[in-house]
Amino acid sequence: MTDTQKTATLSLDGKSYELPIFSPTAGPDVLDIRKLYAQAGVFTYDPGFTSTASCDSTITFIDGGKGELLHRGYPIDQLASQSHYLEVCYLLLYGELPSATQLEDFENRVTRHTMVHEQMHNFFRGFRRDAHPMATLVGVVGAMSAFYHDSTDISDPWQREVASVRLIAKLPTIAAMAYKYSIGQPFVYPRNDLDYAANFLHMCFSVPAEEYQVDPILSRAMDRIFTLHADHEQNASTSTVRLASSSGANPFAAIAAGIACLWGPAHGGANQACLEMLKEIGSVDRIPEFIARAKDKEDPFRLMGFGHRVYKNTDPRATVLKQSADEVLELLGVEDNPLLQVAKELERTALNDPYFKEKKLFPNVDFYSGIILEAMGFPTSMFTPIFALSRTVGWISQWKEMIADPQNKIGRPRQLYLGETARDYSDIENR
Ligand code: ACO
């Protein structure tokens, strides 16, 4: 961040206030209003934070107009095609691509932490069988602070590092356990000879009764889904993690808060909502009816998996995943699946519809990830947990950046109060 010496002038009640302007390395200039209240006695009003930078960061950059997503400067399409998830994790966490030795060391550290404390199995068993895996995930990840006491002191960089590796390593195990529990199958322990994505597929789909071979095309597609969801700058769940941990909360509690936020259908829950919508549409001939509903201002229905707060052009992650979806569907020989036919026709129709064109509503990452996960055999309820485990590294990288920032202070937004002014309490018999 550089101070450009540029300023903006605010005129208020006959007085002028100079607001410094920062120039980022990429993206629009940023007005510094930190002293505004102290100097001018006013707050700014920005529900939904559409014009507010809540922090400075060096991790991820998005140009929504261009459809560009960079992690530490590297374009997402290059990372998705030439790198792999754990290397991208290293990049997000430590700022640079690793050397071969650094990567090997990091992969070893993550692999060594994939098992969860055996007593956590009991914790799982406290949930109802039909609990949504996201509900289980929020609870179990929060409970990690009750199992790993030696990595909850956020003032100790070593403990922060251990907590980071634990979370990245254990989230796939916890997500897979939530799935196994929901279908009444035994938990499957992680296998250290498999890579991160293959191990996750193994923990979800293998059973003790028979041998399970992970198809390399499927594990590659899984790895891509992880990579494409790894971080997305200051979105709702990441901002939740930052806000929760700004109070000094431990990392497990803060990540559990992020998972809770991600669950919503306007955010990570959209992949599940999208597949449920495709099922509700059911057949290609009903698509016009649903497109008409999405365009009707009187109808709250929206096409799930379309539109994005930041991307007003193609979501670059969706472009990569569309290709993966074609590969996976071909491998599994399910191109004729009626649900997937609906998805393809819906995509084609919406992309050619003037309403969606004018409002710049393109398919987002959730549209294609849902199709791939459905084809792989995941139930829709597992879509958002898979997003959560992929995003854990992004949340942790942003959390680590925040804790290390000397300017870090508790997040405390202001409000535009429109309620009653002070009035006297009246006894119940006088109301
Ligand atoms: N279907 C129909 N119309 C839509 C859609 C949609 N999916 N998305 C936006 N619009 C319309 C709105 O009605 C609005 O129309 P108006 O200008 O006539 O009032 C206009 O497009 C702009 O929409 P906003 O809601 O103002 O855009 P915002 O940036 O706040 O919302 C969001 C972005 C929440 C993602 C929205 O597009 C949406 O609800 N999409 C469906 C849910 C979804 O797929 N979420 C996943 C997001 S990606 C992620 O979390 C990984």
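Summarised in this report is the structure supplied together with it. (Residues numbered from 1 in each chain as written. Predicted model: local features only at pLDDT ≥ 70, side-chain atom pairs only at ≥ 80, totals over all residues. Heavy atoms only, no water.)

### Observations concerning the pairing of strand 5 (residues 68-71)
Bridging between strand 4 (residues 60-63) and strand 5 involves 4 bridges; their strand directions are antiparallel. Looking at strand 5, one finds that Thr60 is bridged to His71. Counting the residues that bridge the hairpin from strand 4 to strand 5 gives 4 residues, and of these Gly67 lies at a positive phi of roughly 75°. Across 2 bridges, strand 5 lies against strand 6 (residues 74-75) in antiparallel orientation. (Pairing = 2+ DSSP bridges. Helix = DSSP H or I, 4+ residues; strand = E, 2+ residues; numbered from the N terminus.)

### Here's the deal with the site of the ligand
Every one of the 21 residues lining the ligand counts as a neighbour, but Arg302, Leu303, Gly305, Arg309 and Lys359 are closest to it. In this structure, Ala266 approaches the ligand through a main-chain N or O atom, which is 3.4 Å from a nitrogen atom. Protein contact buries 75% of the 930 Å² of open area that the ligand shows by itself. Taken together, the residues of the shell around the ligand break down into 10 nonpolar, 5 polar and 6 charged. (Near = heavy atom within 4 Å. Polar contact = N/O pair within 3.5 Å; in protein donor to acceptor, adjacent residues only side chain to side chain. Areas by Shrake-Rupley, 256 points an atom, 1.4 Å probe, with all protein chains shown as cover. Nonpolar A, V, L, I, M, F, W, Y, C, P; charged D, E, K, R; others polar.)

### With respect to empty space enclosed by the protein
The final tally for this structure, using the stated rule, is 4 cavities of 30 Å³ or more. Taken as a whole, the largest cavity encloses approximately 90 Å³ of empty space. In terms of lining, the largest cavity is formed by Lys322, Ala325, Asp326, Leu329, Leu340, Ala343, Lys344, Glu347, Phe367, Tyr368 and Ile371. Looking at the lining of the largest cavity, the elements with two or more residues in it are helix 14 (316-332), helix 15 (338-351) and helix 17 (365-376). A breakdown of the residues in the lining of the largest cavity according to their chemical character gives 7 nonpolar, no polar and 4 charged. Put simply, the second largest cavity is a space of about 50 Å³. In this structure, the second largest cavity is lined by Met115, Val116, His121, Thr173, Met177, Phe187, Val188, Tyr189 and Pro190. Looking at side-chain class alone, the lining of the second largest cavity contains 7 nonpolar, 2 polar and no charged residues. (1 Å grid on protein atoms, 1.4 Å probe; cavity = no way out; pocket = protein on both sides within 12 Å on 5 of 7 lines; lining within 4 Å. Points joined across faces, edges and corners; volume = space filled by probe spheres on them.)

### Some points on unusual backbone geometry
Located in the positive-phi region is Phe49, a residue other than glycine, with phi close to 50°. Locating Phe49 in the fold gives a position in the loop between helix 1 (36-40) and strand 4. Classification of Phe49 by relative accessible area gives exposed; the value is 57%. Positive phi, normally seen in glycine, also occurs at Lys360, with a value near 55°. Locating Lys360 in the fold gives a position in the loop between helix 16 (354-358) and helix 17. (Buried < 20%, exposed > 50% of the residue type's maximum accessible area, 1.4 Å probe, protein only.)

### Some remarks on a nonpolar patch on the surface
A cluster of nonpolar side chains, contributed by Tyr45, Leu416 and Leu418, occupies part of the molecular surface with about 400 Å² of accessible area. Mapped onto the elements, Tyr45 comes out in the loop between helix 1 and strand 4. The exposed category is assigned to Tyr45, whose relative accessible area is 60%. (Patch = residues over 30% accessible without salt bridge, like charges linked within 9 Å, V, L, I, M, F, W, Y side chains within 5 Å. Salt bridge = Lys/Arg side-chain N within 4 Å of Asp/Glu carboxyl O.)

### Some words on the layout of surface pockets
The method is simple in principle: a probe with the dimensions of a water molecule rolls over the atoms, and the space it marks as empty is what remains. Counted as a void, the second largest pocket has a volume near 240 Å³. Elements supplying a minimum of two residues to the lining of the second largest pocket: helix 3 (85-94), helix 4 (100-112), helix 8 (196-205) and helix 9 (216-228). Partitioning the lining of the second largest pocket into residue classes produces 6 nonpolar, 6 polar and 5 charged.

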